[in-house]
Structures are given as C-alpha cells and as structure tokens.
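The lines below spell out each chain.
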Amino acid sequence: MSVSTAPRFVPFTNFEHFYSTLRAQLAQDIDVLFAYANLPSPLDDACRYMMTGQGKLVRPLLVASSFVSIDASINVDGEADIETDDLSDNSNLTDHVKIADLQSLLENDSDYDMCRRAALAVELLHTYSLVHDDLPCMDDDELRRGQPTCHIVFDEAAALLAGDVLQTLAFEVLTAELPTFAPFDSDIASQLLAVFAPRARRMVSGQMLDLNAEAHTNISQEELEAIHRDKTGALIEAAMLMGGICAGATALQRMALQECAQHIGLAFQVQDDILDVTTTTDALGKPAGSDEKLDKSTYVKLMGVSAAKDYAQSLFNNGQAAITRELSGNEDNNALLALIEWLWSRKK
C-alpha cells in the first residue's frame, strides 16, 4: 500500500490528542494572522489578549471535527488520496498518515489550509461577540475565560474597536495572502462565505432578540428556541458546515451536518443555562448566576434543572443520530461523535 506524500487530513485517534493538536495549530495561526494585520496599539494587544485566552475552542473544534469526519467517511467510500491495491486491510492506515511534521501538511494541502482558515474565522467571530457582550451597554461583565474582560484590561473604546476588527478579520482570513498558508481556493472560499455571512448576521440578530426578551416575562419554549437558534446555534451551524465544505462533503452529508448542528446548538445553550446555576464562578471562568442577575429567560427558568438536563441529553442524542446516519466509518473513532460526547460532559 502506498500513501500520497501530502495526507489530506489530521487523522483522528483520540479526542485529547486531536484537541491539543488543534489548539497548537490555532495558536500558531493567530500569531501569523495578527503579524499580517499589523494593528496599532492598544488594538493589537486587546485582540491578542482575547484570542489567546483559555477558551474551550468549541467552534474551531467543530470545524476541524467535521472536516476529519467527512474526510474519513470519503476515505471509507474509496474517494480519497490514498492509493492501494487492497483496501480489505487498512489496519496500518493511521500509522501511514500520522502527522509528526505538521509543517509539511500545512505547506502542501490547500483543503486542510482552508479548514485552518475556517477554524480561525469562526473563533474570530465568536470572540468578537464575547468582547461586545461583556461591554457595559450589554451584559456588563468583568470576567471572561477566567480573566478580566477586554474593556476592564484596556478600556471601553479599545474593546469596542477590538470587537469590530475581530469581526472584519473573520471574513478577511478566508482569502488573505497569509504566510505558512497555501493560496486560498477561490471555489471553497466562495462556498464558505455563502455559509458564514448569513449565519454571522443571524448571530447578531439573535443577540438583539435576547436583549429584547429581557423586557418580557413568560417567554415560551418556542420563543426561547427561536432566539437561541440564531444567537448560539447559527455559528455552530456555520462551523460544522464550513468544515464539511473544506472536506468536500456531499449534499446529503451537508444536510446531516446542518441537522446535527441545529440539535447541538440548542443543546449547548440549554447546557449553558444549567451550568450558570449549578457551577461556581471559578469553575465557569465567568460570573455564575449572571442570567438570574439580568433576569434573562432561560431553559432552567422555564422548565427547571432536571427537565433541562433531560432536554439537553435528548438534543445531544439527536445530533449524534444525524451524524451516524450519513457518515461512513468506525463510529468509535469518529471525531464529531467524540466531540459531542465531550460537549455533553463539559463542566464550563
């Protein structure tokens, strides 16, 4: 069996290794991006401060997990770059595509590099939303990711502009001429933008709906879900679809990713509402009980902790089911399924 010298994906062996690899790659790419952007001080400092905090990296993880899961599925279907005379025994496949040298992979694989761009894009957009959410005119929070918020460390004007530039960079990174990246693929970039832009707009719309809901009582579950399908779910949906696009997902696979993302996006928000009332500030890395302080409508307020946990579990189960229906391969070694399990067990 022979394998092409430029493997198309980071092979998934276990979640801990996958997570650490992604975090290391993303840290390198953030440095490259801000060196390219050449922002003035304190704007550069504020952006780096927010982008290098100890966040969970859920959205870039969703991009990368979708990418490798779709790519692995395509490999199983016999459409990948691996050349072999006998596919009946692929027990040594992982050994052949291990990535001791990430540099060779990032220099030679444009699809993988487009996935890197997509992972950066969703993390930039998400971080922009956090910077603005924490401002005095919004949630007025002083702690984020276990450290003081951007406007506390710098000032309100710098934080506002940091959010602005992170948002613009989220789109620019998809087509920028960046060192250590292969030239962008115009066809993939066009597809990514078509998915990313409307969901970025939906995220902002959802934030406005959430603020509007603070002035009302007795919000129904249907109304609450409408808010969070946009505020939280839209970017999760974008992340999964963008990873799939970079891997060449079929129409049916994209539909499965979107269905999964819709369940996971709601589950993630329900889980956040539960953690807000069951976990300490130290564990969360942000103020616990902030939803109650702002009198926000939440799933816990609507249905209680126990029922909210059951609902979140059912949503995670539905998300897993959507993936297993359409993706070929070993379910015990699927990056997306492993990520969903990790999300369900998270404590912050």
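Computed from a prediction, not measured in an experiment: that's the story for all the values here. (Residues numbered from 1 in each chain as written. Predicted model: local features only at pLDDT ≥ 70, side-chain atom pairs only at ≥ 80, totals over all residues. Heavy atoms only, no water.)

As a further point, take the overall build of the protein. Looking only at helices and strands, the protein features 17 helices and two strands. Within the protein, the fraction of its 348 residues that count as buried is 52%. Put simply, of all contacts in the protein between residues at least 6 apart along the chain, 79% involve residues at least 24 apart. (Helix = DSSP H or I, 4+ residues; strand = E, 2+ residues; numbered from the N terminus. Buried < 20%, exposed > 50% of the residue type's maximum accessible area, 1.4 Å probe, protein only. Contact = heavy atoms within 4.5 Å.)

Relative to the elements of secondary structure, Pro136 occurs in the loop between helix 6 (110-133) and strand 1 (143-144). Pro136 sits in the partly exposed class, given a relative accessible area of 35%. For Pro136 and His151, which are 15 residues apart along the polypeptide, the C-alpha to C-alpha distance reads 8.6 Å. Setting aside its immediate chain neighbours within four residues, Pro136 contacts His151 and Glu156.

Turning our eyes to something else, we now look at helix 8 (residues 156-172). When the terminal C-alpha atoms of helix 8 are compared, their 24 Å separation across 17 residues agrees well with the 24 Å that a helix rising 1.5 Å per residue should span. Turning to helix 8, its buried residues are Ala158, Ala159, Ala162, Gly163, Val165, Leu166, Leu169 and Ala170. Elements that come into contact with the buried residues of helix 8 comprise helix 1 (15-37), helix 2 (43-51), helix 6, helix 7 (150-153) and helix 9 (186-213). (Expected span 1.5 Å × (residues − 1).)

Our next topic: the nonpolar core. In terms of nonpolar packing, the biggest core is built from 98 residues, with Phe34, Leu124, Leu192, Phe196 and Met242 touching the most fellow members. It is helix 6 that provides the largest number of residues to this core, a total of 12 residues. (Core = buried A, V, L, I, M, F, W, Y, C linked by side-chain atoms within 4.5 Å.)

On to the packing of aromatic side chains, then. One pass over the structure, following the stated rule, counts eight aromatic pairs. A ring pair is formed by Phe15 and Tyr19, whose centres lie 5.8 Å apart and whose planes are at 45°; its orientation type is tilted. In this pair, Phe15 and Tyr19 both sit in helix 1, four residues apart, roughly one turn of the helix. Side by side, Phe15 and Tyr19 carry an identical accessibility label, which is buried. (Phe/Tyr/Trp six-rings, centres within 6.5 Å; stacked < 30°, edge-to-face > 60°.)

On to the pattern of salt bridges. Counted under the stated rule, the structure contains 13 salt bridges. Measuring nitrogen to oxygen at the nearest pair gives 2.9 Å for the salt bridge that ties Lys231 to Asp210. In this pair, Lys231 is assigned in helix 10 (residues 221-231) and Asp210 in helix 9, connecting sequence segments 21 residues apart. This pair shows no difference in class: Lys231 is buried, exactly as Asp210 is. Where Arg346 meets Asp272, a salt bridge forms, and the shortest distance between an N and an O atom there is 2.8 Å. With Arg346 in the segment after helix 17 (335-344) and Asp272 in helix 12 (residues 251-278), the pair connects residues that are 74 residues apart, well separated along the chain. Judged by relative accessible area, Arg346 falls into the buried class, the value being 7%. (Salt bridge = Lys/Arg side-chain N within 4 Å of Asp/Glu carboxyl O.)

Okay, unusual backbone geometry next. Here the amide bond leading from Ser41 into Pro42 is cis, since omega sits at 5°, within 30 degrees of zero. Take Pro42: it is sitting in the loop between helix 1 and helix 2. One non-glycine residue, Asp140, lies in the positive phi region at around 55°. Along the polypeptide, Asp140 turns up in the loop between helix 6 and strand 1.

Turning to the environment of Leu337, a few remarks are in order. Along the chain, Leu337 falls in helix 17. Considering only alpha carbons, one finds Leu337 and Phe316, 21 residues apart in sequence, at a separation of 9.9 Å.

Before going further, it helps to examine a negative patch on the surface. On the surface, Asp140, Glu142, Asp155 and Glu156 cluster together into a patch of negative charge. Given the relative accessible area of 41%, Asp140 is considered partly exposed. (Patch = residues over 30% accessible without salt bridge, like charges linked within 9 Å, V, L, I, M, F, W, Y side chains within 5 Å. Areas by Shrake-Rupley, 256 points an atom, 1.4 Å probe, with all protein chains shown as cover. Lys, Arg positive; Asp, Glu negative; His and termini not counted. Charge placed at Lys NZ, Arg CZ, Asp CG, Glu CD.)

The next subject is the side chain of Arg144. Tracing the backbone through its elements, the reader meets Arg144 in strand 1. Accessibility expressed as a relative area gives 12% for Arg144, which makes it buried. A polar contact of 2.8 Å, which involves the side chain of Arg144, links it to the side chain of Asp134. (Polar contact = N/O pair within 3.5 Å; in protein donor to acceptor, adjacent residues only side chain to side chain.)

This part covers the packing of helix 1 against helix 6. Where helix 1 contacts helix 6, the two axes come as close as 11 Å, and the packing angle between them is 80°. Considered as vectors, helix 1 and helix 6 are oriented roughly perpendicular to each other. In contact with Gln25, Leu26, Asp29, Ile30, Leu33 and Phe34 of helix 1, helix 6 contributes Tyr112, Arg116, Ala119, Leu120, Glu123 and Leu124. Considering only residue class, the contact of helix 1 with helix 6 consists of eight nonpolar, one polar and three charged. (Axes fitted to C-alpha atoms, helices over the stretch in contact; angles between N-to-C directions. Parallel < 35°, antiparallel > 145°, perpendicular 65-115°, else oblique. Nonpolar A, V, L, I, M, F, W, Y, C, P; charged D, E, K, R; others polar.)

Turning our attention to the confidence of the model for the protein. Counting all residues, the mean pLDDT for the protein is 83, and 81% of those residues have values of 70 or more. Model confidence for the protein, summarised as mean pLDDT per element, is weakest for helix 4 (residues 93-96) at 35 and strongest for helix 8 at 97. A low-confidence stretch, residues 1-9 (pLDDT under 50), is modelled with 31 contacts involving residues beyond four sequence positions or located in other chains. Here residues 77-108 scores under 50 on pLDDT; set against residues more than four positions off or in separate chains, the count is 42 contacts. (pLDDT = per-residue confidence, 0-100.)

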